[in-house]
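Here's the letter readout for the chains.
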Amino acid sequence: MAGERCSGRRSKEVAMHVLVIGGGVVGVTTARELVRRGHEVTVLERHSVAGNETSKGNAAQRSYGVVYPWADPHIMFKALPWLVQKDGPLKLGVPPSLAALRFMFATFRYATSPGLFGLNKRAMLRLGIYSRERFLALEQEHDLRFDGDHKGLLHLASTPEAMAEYRELHLLLNEMGIEASLLTPEQVREVEPGMIGNGPLHGAIRYDTDGTGDCHLFSRELAAVCENLGVTFRYNVEVQNLLADHRRVHSVRLKNAEGQMETLAADAVVVCAGCWSPELVRPLGVDISIYPVKGYSLTVPLSDPAKAPTSTIHDDHYKVVSTRLGDRLRATGFVELADFNRDIPESRLATIKKSVQSRFPGCADLEAAESWTGFRPMTPDGPAIIGRAGRENLYLNTGHGTFGWTLSAGSASVIAQVIEGEEPAVPLDPFRPDRF
């Protein structure tokens, strides 16, 4: 019954009370996987609704075939010039903080570790393939309205060199059974007839089965489903710390919506708190590395849908992603290391607008767009942090970086398998919490 103590490996017949810390898309999908397995689940979320932090204004792409590690050795040599380019996709706070510098040095160390990028990329692609399967099953089971679709994703090639890289990538995708195709400029415009702008184009690689969707809407819709299934959501609460002995976490101390301190007991705890995860587990001797990589987005109603993208377009010239969300456009860009600074400089938005105008002129009044900034919980090597850590009933499902929306359904299923002592559907060694 709920509340019964059990070891790290347990019988499926024993239900537990599981606390999920974090009500973003990763936390909500985790809650759904656990409740469908018969557990009593409580989600603790500091915002007033689900999916209101990193999940709120992200790129809206479920890019299962595109996932790749942050510590990319090919990007390292391009990164420094980007810092000084006006429209460069990488920005660094001035002066850079000690945390940002440490993260950059750790990234460089992982990027220059022989063979690591390839191993991690294959691991992330395997999780991406599995996540797509779980999303399709989830959407078949529940009637969720979130402007979602699976019409594919285009990575544009603005130079001949970029197209050559896509040809090499296409071989790996074929090897792993990921459906993708190489397109000429003419074929790109057939697939995306609204792309009438003058941006440079030498072709594209198309990820045929990748998807889109408003992650914020999805998180709220799935949270409602979870509540109907019996999950308790506690909003406007701040988790202060985890209370544990040397073997187990036995409760969570939190400040509730009324500002009062409260202690909540649990049989297991899953930390899905994104950028705020390290501070929760560090007092228990669990050292995980996550940095808040800042991004920006614009969301605007379409004024001429025929001139808009039909799905997701990655403009490699500006490194901006434009996604169709029903009758809206979401455009997202930039990788910025500025800690938790929430300022939105007009220059960042101007670059995103340039990208949209260079590909889909006239599709929307970009000056009327709603702007947003948020923090992707990035690990210095790239893979998320998934598994048991520090105590026999403490689990982590966090640090997904730019791919939280994409990988959420898969990683939720995998962490539920770990909690129940099953063999994970995806090998988790590259995602283990103790790798840092």
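Since we're looking at a predicted model, the values are computed, not measured.

Enquirer: Explain the sheet that holds strand 19 (residues 385-388) to me, and be specific about the residues and the numbers.
Expert: Pairing within the open sheet is mixed, and its six strands lie in the order 9-2-1-13-20-19. Where the open sheet ends on each side, the last strands, each with one partner, are strand 9 (232-234) and strand 19. Strand after strand, the sheet turns through a mean of 20° between neighbouring axes, direction not considered.

Enquirer: For the environment of Gly194, give the residues involved together with the corresponding values.
Expert: Tracing the sequence through the fold places Gly194 in the loop between helix 6 (185-191) and strand 7 (204-207). Here Gly194 falls in the buried class, since its relative accessible area comes to 3%. Along the primary structure Gly194 and Asp304 are separated by 110 residues, whereas in three dimensions their C-alpha atoms are 9.5 Å apart. Apart from the residues lying within four places of it in its own chain, the contact partners of Gly194 are Ala306, Lys307, Ala308, Arg359 and Phe360.

Enquirer: I'd like to hear about the packing of aromatic side chains, residue by residue, with values.
Expert: Under the counting rule described, the total for this entry stands at 13 aromatic pairs. Judged by centre distance (5.0 Å) and plane angle (75°), the rings of Phe146 and Phe218 are edge-to-face. Separated by 72 residues along the polypeptide, Phe146 in the loop between helix 4 (116-141) and strand 5 (153-156) and Phe218 in helix 7 (residues 215-229) bring together distant segments of the chain. An angle of 20° between the planes, with centres 5.7 Å apart, marks the rings of Phe233 and Tyr235 as stacked.

Enquirer: Residue-level account of the packing of helix 1 (residues 25-36) against helix 7, with values.
Expert: Relative to each other, helix 1 and helix 7 sit at 25°, their axes nearing to 9 Å. The angle between the axes of helix 1 and helix 7 places the two elements in the roughly parallel class. In terms of crossing hand, the pair formed by helix 1 and helix 7 is left-handed. Packed against helix 1, whose contacting residues are Val25, Val28, Thr29, Ala31, Arg32 and Val35, the element helix 7 presents Cys215, Phe218, Ser219, Leu222, Ala223, Cys226 and Leu229 at the interface. Here the residues of the contact of helix 1 with helix 7 are counted per class, giving 10 nonpolar, two polar and one charged.

Enquirer: Account for the side chain of Gln417, naming residues and giving values.
Expert: Here Gln417 lies in helix 10 (residues 404-419). Discounting residues that sit within four places of it in the chain, Gln417 has contacts with Arg37, Tyr130, Glu422, Glu423, Pro424 and Ala425.

Enquirer: Let's hear about the pairing of strand 5: which residues, and what values?
Expert: A two-sided burial pattern is seen for strand 5, the buried positions comprising Leu153 and His155 on one face and Leu154 and Leu156 on the other. Pairing of strand 5 with strand 7, which is carried by four bridges, proceeds in the antiparallel orientation. The residue of strand 7 that forms the bridge with Leu153 is Tyr207. Looking at chain direction, strand 5 and strand 15 (residues 312-315) are connected through three bridges and run parallel. Looking across to strand 15, one finds that His155 is bridged to His314.

Calculation notes
Position numbers for residues count from 1 along each chain, tracking the sequence in the order it is written. Where local features are concerned, this predicted model is filtered to residues with pLDDT of at least 70; where side-chain atom pairs are given and counted, the filter is 80 or more; whole-chain, interface and lining totals use all residues. Calculation of side-chain values draws on the structure's entire complement of heavy atoms; hydrogens and water are dropped beforehand. Two strands make a pair as long as DSSP finds a minimum of two bridges between them. The secondary structure listing takes helices from DSSP runs of H or I that are at least 4 residues long and strands from runs of E that are at least 2 residues long, numbered from the N terminus. The angle between two axes is taken between their N-to-C directions and runs from 0 to 180 degrees, where each axis is a line fitted to C-alpha atoms and a helix contributes only its stretch in contact. Each residue's exposure class comes from its accessible area (1.4 Å probe, protein chains only) as a fraction of the maximum for that residue type: buried when under 20%, exposed when over 50%, partly exposed otherwise. Between two residues, a contact is recorded if the distance between any of their heavy atoms is within 4.5 Å. Each Phe, Tyr or Trp ring (for Trp, its six-membered ring) is paired with any other whose centre lies within 6.5 Å, and the angle between the two planes then decides the class: stacked below 30 degrees, edge-to-face above 60, tilted in between. What sets the label is the angle itself: under 35 degrees gives roughly parallel, over 145 gives roughly antiparallel, 65 to 115 gives roughly perpendicular, and the rest give oblique. Crossings are classed by handedness, with left-handed meaning an anticlockwise turn of the near helix from the far one by less than a right angle and right-handed meaning a clockwise turn. Three residue categories are used. Nonpolar comprises Ala, Val, Leu, Ile, Met, Phe, Trp, Tyr, Cys and Pro, charged comprises Asp, Glu, Lys and Arg, and polar comprises the others, including Gly.

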